[in-house]
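# Overview (structure and organization)
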Number of protein chains: 2
Amino acid sequence: MSSAASVPPAVSSGANARLGIIGGGQLARMTALAAAPLGVDVTVIEKAPLSPGAQVVHRALTGDWSDPAALARFAQGLDVITLENEFIDADLLRGLEETGVPVFPTWGTMSLTQDKLIQKRTLAAAGLPVPEFREVTAPADVVAAGAEFGWPLVLKARRNGYDGKGNFTLRSAADVPAGWEKLGGGRVALYVEAFWPFQSELAAIVTRGRNGESVIYPVVETIQRDHICHEVLAPAPVSPAVAARAADVAGRAVAAVRAVGSFGVEMFLSSDGRIAVNELAPRVHNSGHYTIEGCVCSQFENHVRAVLGWPLGRPDLVAPAVVMVNLLGTRPGTGRAEGLAAALAVEDAHVHLYGKATSAAGRKLGHVTARGRDLAEARERARRAAAALSFGDST
Amino acid sequence: MSSAASVPPAVSSGANARLGIIGGGQLARMTALAAAPLGVDVTVIEKAPLSPGAQVVHRALTGDWSDPAALARFAQGLDVITLENEFIDADLLRGLEETGVPVFPTWGTMSLTQDKLIQKRTLAAAGLPVPEFREVTAPADVVAAGAEFGWPLVLKARRNGYDGKGNFTLRSAADVPAGWEKLGGGRVALYVEAFWPFQSELAAIVTRGRNGESVIYPVVETIQRDHICHEVLAPAPVSPAVAARAADVAGRAVAAVRAVGSFGVEMFLSSDGRIAVNELAPRVHNSGHYTIEGCVCSQFENHVRAVLGWPLGRPDLVAPAVVMVNLLGTRPGTGRAEGLAAALAVEDAHVHLYGKATSAAGRKLGHVTARGRDLAEARERARRAAAALSFGDST
């Protein structure tokens, strides 16, 4: 739909709840698909029409979700509002909540997580293991932090970073001017983190209900390439003791920000079994897409249950091993998938295409999840199906 | 959307295929939800706005699918058309196909299945076991058939029956005038079937691809109440030999009508292990709703794959036992579900609400599927969740 005026009113279709999602990307899409069986009417708002989310809901509003007036129109007739990204300002969410529509996660939770410096302080204050970090307001602060924490050091934007964007690794004091310039230091608020010598990266989805009840999904290993999640292995090939410690850390991290909904907790694992929280995402998360076919109740359905105040479903795996491989664009062109028939021929491989109109290098266009008797089998299936698919052909 | 004029055009969102579904009920809804992950844009057409299907797609057309002009508007820009009910006239489908948009199942298949007398003749000609049957054009024909086949005898409308509507059981010749009157004999084409002394009812979904490749889902037992499917037990608690024979019959029945898509085959099982085909439904079927959580690839996803010419997914169960319980309305009122929180608290129970605006006695408003280690556990869970839900409250 091309304008707010043409958006159908939020007529109840007899369902229990009318849920609004701020944002219309693939996370909104998968959340809406999980909400439908529960009889929930979903409305999305996104800046462009025909977003991945808009394609699967009856009511989609085209509008700028950073504009309070557009948000107010969006909120009309909704029972609960949630969000699919951490970039909407917490103050806007507070404004929405003051109009009488509950927003989950709350603006309070968002104000503790969307600024990564405040997020780190919150986690550290709760006794959770995090890399050393420090606010920096001038290049000299960065040099001083390097002298104290050691090099390399990671310079980070406090807000709006994702998939490696907003991060700059400094190998020595000589790199500081380039990093400061690149990330817009002076105009953009920055902080630094000590480089944490990880052997692998772990993650866990935690869904926390409005009543504080929570479920912790299996701890997974995430394989990154160029700072973008490439594969997720469930369960992570780590010892039960490490998995249990990581699950405990994830659960406490999510409780520390008083989360409501499904949150992704990214963690580092060192070669000697120590764990640190890398980042908390206040939303459904790429490391949890495997839960759609992999778990009794997906991160998306549990997110819907949590924000609507309903009991949470179980996070248990339904197969011995589940592997997810992201489908990333490699070049500009159409978002149409080539090779779908070959991908669908792979046993127990589940293809998810996001319906994006255009491809671009590194753009997340879909994912494949495969189950198997062990990680090797699931990974081989997921990789084979993913390898069959490509995007960007102009024909 | 309230009129065809306000329907967004079938703009490609970068996906591979644009699929139209004739009908907007729960079967269209669940098919659309299965199509979305494959990047398929779905359009539905239904007589009333805000249908269960319309709620989960971007493009919904309100129009009468028995009107050729409405169908032609609907077909514009679509790659393939399918249907969710057997009531659309085969000749209308032929007309659609002549406009250049492939329709699956084909009008040829529909002309062999939607008239139940022709369906029975087709199955019998293929050597499949069916109850004895005969065309009747006058009450005297019915009396003669009863004398030959024995009583009771079932008088049936050749078209448009479902859930027991269009059937009348005659205990003796004395019942013939009442049955003839009730079903509109003389105006409505009728036939009779011998009563087949079944011990239980079985069913199987078969998905058949455009290339004739097919997959047969596990044979299930269906429990009917008042001719409406009430529970489905997967796998059916029968011997492996019986299950294998039923699967073979189902597969041959679907091939006999040259099906493309997911079809439901309802069968009778006698106490001495004989099987007869009761009815073939040329569409996804209530006896296969359990496949959403119960099988590697659901009947809905496989239907989409079949009609689009893509490889079929595996029909294997993902748990030892899966039970589905239908959620039927008991009284007029709203379609809003009461008791959802209690239902969602049941372990591994999956609630599906169809978003219908109003309830009515016997109306299918949703279903619950539960998995378990055995049928008893799955059935207890599904029944407990279903019992928590009710519809029709006016508040």
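Definitions and cut-offs
- Residues numbered from 1 in each chain as written.
- Chains lettered and ligands numbered in written order.
- Predicted model: local features only at pLDDT ≥ 70, side-chain atom pairs only at ≥ 80, totals over all residues.
- Buried ≥ 20, exposed ≤ 12 C-beta atoms within 10 Å, placed from the backbone.
- Helix = DSSP H or I, 4+ residues; strand = E, 2+ residues; numbered from the N terminus.
- Arc of directions from axis to C-beta.
- Contact = placed C-beta atoms within 7 Å.
- Nonpolar A, V, L, I, M, F, W, Y, C, P; charged D, E, K, R; others polar.
- Axes fitted to C-alpha atoms, helices over the stretch in contact; angles between N-to-C directions.
- Parallel < 35°, antiparallel > 145°, perpendicular 65-115°, else oblique.
- Left-handed = near helix turned anticlockwise from the far one by under 90°.
- Core = buried A, V, L, I, M, F, W, Y, C linked by C-beta atoms within 7 Å.
- Least-squares fit on C-alpha atoms with pLDDT ≥ 70 in both.
- pLDDT = per-residue confidence, 0-100.
- Domains from an automatic or database assignment.

### Brief notes about helix α3 (residues 90-98) of chain A
It helps to recall that an α-helix has 3.6 residues per turn; residues three or four apart then point in one direction. Residue and element names in this part refer to chain A. Restricting attention to buried positions, one finds in α3 the residues A90, L93 and L96. Buried residues of α3 fall within an arc of 110° about the axis and therefore sit on the same side. Those residues of α3 that are exposed and angled more than 90 degrees off the buried face are D91 and E98. Buried positions along α3 lie against α2 (68-75), β4 (80-83) and α4 (107-113). One or two positions beyond α3, positive phi appears at G100, with a value near 105°.

### Here we look at the interface of chain A and chain B
Each side of the interface is counted separately: chain A has 43 residues, and chain B has 43 residues. For the side of chain A that touches chain B, the secondary-structure elements that each account for two or more residues are α11 (340-344) and β17 (349-353) of chain A. Each residue belonging to the side of chain A that touches chain B can be placed in one class, and the counts come to 23 nonpolar, 13 polar and 7 charged.

### Observations regarding the packing of α2(A) against α3(A)
Residues and elements named next belong to chain A. Between α2 and α3, whose axes approach to 10 Å, the crossing angle comes to 40°. As judged from the angle between their axes, α2 and α3 are oblique. Considering the relative orientation of α2 and α3, their crossing is right-handed. For the pair α2 and α3, the contacting residues are P68, L71 and A75 in the first and L92, G95 and L96 in the second.

### Here we look at the nonpolar core
A:V265, A:M267, A:V368, B:V265, B:M267 and B:V368 are the most contacted members of the largest nonpolar core, which has 266 residues in total. Setting aside its immediate chain neighbours within four residues, B:M267 contacts B:E201, B:L202, B:A203, B:A246, B:V249, B:I275, B:A276, B:V277 and B:N278.

### What about the relation of the copies chain A and chain B?
When chain A is fitted to chain B, the best match, at an RMSD of 0.0 Å, comes from turning it 180° and sliding it 0.0 Å along the axis. Such a turn and shift between the copies fits a two-fold axis. The fraction of interface residues of chain A whose copies in chain B are also interface residues reaches 100%, indicating that both copies meet through the same surface.

### Brief notes about the confidence of the model for chain A
Residues and elements named next belong to chain A. Of the residues in chain A, 95% have a pLDDT of 70 or more, and the chain-wide mean is 93. Between residues 1-14, whose pLDDT stays under 50, and residues either more than four places distant or in other chains, the model counts 43 contacts. As a predicted assembly, this complex carries a pTM of 0.93 together with an ipTM value of 0.90.

### A short note on the domain arrangement of chain A
Taken as a whole, chain A is organised into domain 1 (4-103), domain 2 (132-194) and domain 3 (200-388). Centre-to-centre, using C-alpha coordinates, domain 2 of chain A lies 29 Å away from domain 3 of chain A.

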